[in-house]
Amino acid sequence: MTAPASRLTASGLTLAYDRRVITRDLDVAVPDRSFTVVVGPNACGKSTLLRALARVLRPVAGTVMLDGERISSWPARKLARTLGLLPQSSVAPEGITVSDLVARGRYPHQGILRQWTREDARVVAESMRATGVEELASRGVDELSGGQRQRVWIAMALAQQTSLLLLDEPTTFLDIAHQIEVLDLCARLHAEGRTVVAVLHDLNQAARYATHLIAMRDGRIVAEGPPAEVVTAERVAEVFGLRCRVIDDPETGTPLVVPAAPSIPAASDVVKVT
Amino acid sequence: MNPIRTRADSPWGRGVGLRVGGLSWRVSPRALVVAVVFAVVAVVVSVVSIGGGDYPMSFGEVVRALAGRGDASTDFIVNQLRLPRAVTALAVGAALGLAGALFQSLSRNPLGSPDLLGFTQGSATGVLVATVLAGGSGLGLAVGAVTGGVLTGVLIVLLVGRNGAHGQRLVLVGVGVAAILTGVNGYLLTKAQITDAARAVLWLTGSLDGRDWKQATPVLVMLAIAVAVTASCGRALRTIELGDEGARALGVPVDRVRGALLAVAVLLASLAAAAAGPVSFVALTAPQLARRLTRSSGPNALPAACLGAALLAAADLAGQRLVPGHQLPVGVVTGLLGGGYLIWLLTTERKAGRL
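Notes on the structure in this doc start here. Throughout this document, residue positions are counted from 1 along each chain, in the order its sequence is written. Chain letters start at A and ligand numbers start at 1, both assigned in the order the entries are written. Only residues with pLDDT of at least 70 get local features here, since the model is predicted, and only at 80 or more are side-chain atom pairs given and counted; chain-wide, interface and lining totals rely on the full set of residues. With hydrogens and water set aside, each side-chain value is computed from the structure's full complement of heavy atoms.

Turning our attention to the overall build of chain A. What counts as a helix is a DSSP run of H or I of at least four residues, what counts as a strand is a run of E of at least two, and both are numbered from the N terminus. Within chain A, the secondary structure is distributed over nine helices and 12 strands. Our radius of gyration looks at C-alpha atoms and nothing else; its globule reference is 2.2 Å times the residue count to the power 0.38. In terms of overall dimensions, chain A is globule-like: its C-alpha atoms have a radius of gyration of 20 Å, near the 19 Å expected for 274 residues. In terms of overall dimensions, chain A has a C-alpha envelope of 75 × 45 × 40 Å along the principal axes. Throughout this description, buried means an accessible area under 20% of the type-specific maximum (1.4 Å probe, protein chains only), exposed means over 50%, and partly exposed covers the range between. In chain A, which comprises 274 residues, the proportion classed as buried is 51%.

Printed below as a string of structure tokens:
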């Protein structure tokens with residue numbers, strides 16, 4: 001089997017916050033035109049890896065390569081026109097409207113004398129249409145529901161017009177319907193030809209939407225590949241420390257993780273709570 | 001179902017594309033109107049202010065003299081005696097308004113102003129040191145104010161650290177530094193000669209009495225530089241408001257932009273303090289009023305500067321006229337007005353659940 005081509009790769013990556021090392025000597029490649037999803041338990045380094053791939057975190061050692069060049073040597077604005085990142089910690093300025101926020105995604109395409117071209121206006125409108133927020137264009141972002149707000153942020157990242165899109169936990173804090181809505185949107189963006197990389201918490205959602213799954217634990221990549229190969233009962237036990245069964249998702253046929261029922265202690269062992 | 005109409009539905013609030021050939025800008029008509037209206041208010045108030053005093057003049061007489069067509073005596077009184085003070089008021093007000101807008105945007109905190117972040121206290125420390133050590137000539141006070149403000153800025157940036165120059169930490173460190181410097185200032189006052197202490201206290205109140213071009217010029221020069229830097233970094237600053245990571249992902253050199261704008265804001269606040277003393281609350285209020293009037297997010301730098309100039313000119317006029325036969329230093333007036341505004345702001349923000 002030959003490895004698929006990868007525009008975005010990392011090798012020998014050691015990542016740390018101050019002196020706390022998160023991952024050591026990590027190699028990873030994002031297959032082109034894949035919907036890659038990174039999963040793993042809390043604090044396994046998956047968001048950290050994503051931040052390094054987007055160059056917002058500088059590696060202690062190792063390199064990230066994009067289109068055959070070290071990502072650190074890319075000019076900032078050129079990089080922002082090629083690779084988009086939706087971080088977890090975005091703040092909507094007080095009172096900003098949806099269209100204004102989406103328009104800020106045009107920053108890397110603008111200059112002091114080219115602040116608002118017809119192209120800017122067209123792309124912003126198109127990004128809002130693609131994410132279904134055009135009706136909300138003149139609403140304040142702080143009036144929106146969590147799901148709407150997340151779609152607005154994705155619209156902003158789309159307005160960057162990048163062929164690679166990195167999303168850090170785009171479904172966190174959303175209810176189940178909005179999670180699916182956002183993931184459907186990501187899947188559509190992927191189907192349109194973008195390479196999408198997302199960090200997700202929910203293993204079943206990851207298995208359903210990903211074309212390429214990366215499972216991490218303690219800063220290491222434990223397994224990667226198509227979800228059907230990666231998600232097995234043994235793997236889930238190894239990565240998450242969870243006893244489970246893996247069955248076929250009745251809707252999509254992708255792996256579905258069903259946690260094992262807890263072994264109920266004998267009645268005599270239970271401490272009575274009155 | 002009716003779609004909910006919000007304030008931004010009117011074309012006023014929205015940015016309007018302005019295109020000439022291959023060039024294009026985005027302008028918010030509302031922000032522009034706010035800026036122009038308050039620039040005009042500031043100038044009118046200044047003219048009224050110039051017309052008052054021991055030798056009252058009509059609005060028309062002042063305007064004629066300013067245009068260089070008054071008689072010899074009004075020309076002397078207007079252009080030599082009263083204009084420098086009025087220009088100092090406008091320049092200091094605009095500098096404080098702009099500095100406040102930058103600080104509030106950089107700290108992502110509506111209370112992030114030089115008064116609360118410790119820069120004003122730093123300038124005061126500089127002035128007190130200059131007074132106690134050097135006897136405090138006019139120039140000494142100005143140098144002390146600038147040095148104190150700039151050193152405080154350096155200290156705060158060092159304490160905040162490179163990786164943590166984001167909002168919350170800047171405010172917390174600033175408040176801490178402000179508290180320490182207030183203590184230091186109290187100690188310095190007790191150590192000063194009584195006459196020096198009196199002069200220092202007068203400066204600490206914030207006053208425009210007897211200001212001439214020597215005080216106005218440095219502020220005006222710095223304002224010109226600041227407007228240029230703000231204009232070139234404005235879009236980047238608006239992007240930084242989305243969070244450091246978001247801004248970096250959009251290709252903004254976050255550290256460089258923040259460093260440059262922080263330096264500009266500190267210099268503006270210190271030079272304003274050197275010219276007129278630590279006039280309180282203008283830097284806090286002007287950007288917030290600007291934001292409420294323009295109804296747009298972002299630093300609102302230009303409207304804030306114009307509002308600052310109008311506020312300070314108006315406060316100075318009020319200080320001269322409010323109590324007949326008795327002049328109040330401008331700092332007293334802004335303190336009274338600004339304190340009231342702050343209380344109002346805190347209560348309304350609290351009711352709205354934003355604080």
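In this section: the pattern of salt bridges. Any Lys or Arg side-chain nitrogen located within 4 Å of an Asp or Glu carboxyl oxygen qualifies as a salt bridge. Applying the stated rule across the entire model yields 18 salt bridges over all chains. Taking the shortest distance from any N to any O, the salt bridge between A:R51 and B:E245 comes out at 2.0 Å. Placement of A:R51 in helix α1 (residues 46-53) and of B:E245 in helix α10 (residues 244-249) is noted, with the two residues assigned to different chains. Of the residues examined, B:E245 reaches a relative accessible area of 12% and is grouped as buried.

All names here are of chain A. When DSSP locates at least two bridges between a pair of strands, those strands are taken to pair. Reading across from one edge, β2-β1-β4-β5 is the order of the four strands in this open sheet, with antiparallel pairing throughout. Since the sheet does not close on itself, it has two edges, and those belong to β2 (20-30) and β5 (69-70), each with one partner. Two elements, strand β4 (residues 61-66) and β5, share two bridges in a ladder whose sense is antiparallel. Across the sheet, the residue bridging to M65 is R70, located in β5.

Looking at soluble globular proteins, one finds that nonpolar side chains tend to be buried together. Throughout, nonpolar core names a set of buried Ala, Val, Leu, Ile, Met, Phe, Trp, Tyr and Cys residues whose side chains join them through atoms within 4.5 Å. Among the nonpolar cores identified, the biggest contains 57 residues, and B:L98, B:F103, B:V252 and B:L268 are the most heavily contacted of them. Secondary-structure elements contributing two or more residues to this core are α3 (72-107), α6 (138-160), α7 (167-191), α9 (213-240), α11 (254-276), α12 (282-294), α13 (301-321) and α14 (330-351) of chain B. Apart from the residues lying within four places of it in its own chain, the contact partners of B:F103 are B:G112, B:S113, B:P114, B:L117, B:F119, B:L262, B:A265, B:V266 and B:A269. By size, the runner-up hydrophobic cluster in this structure holds 54 residues, among which are A:W153, A:L167, A:L189 and A:V230. The contact criterion used throughout is that any non-hydrogen atoms of two residues lie within 4.5 Å.

Looking now at the pairing of β4(A). Residues and elements named next belong to chain A. Summarising the sheet, strand β1 (residues 8-17) and β4 pair through five bridges and their orientation is antiparallel. If you follow S11 over to β4, its bridge partner there is T63. Linkage of β4 to β5, two consecutive antiparallel strands, is achieved through a turn of two residues, within which D67 is found at a positive phi near 50°.

On to the environment of B:F59, then. Residues and elements named next belong to chain B. Checked against the element boundaries, F59 lands in helix α2 (residues 59-66). Take F59: its relative accessible area is 41%, and that puts it in the partly exposed class. It is 35 Å that separates the C-alpha atoms of F59 and W344, two residues lying 285 residues apart in sequence. Setting aside residues up to four positions removed in sequence, F59 forms contacts with V44, V47 and V48.

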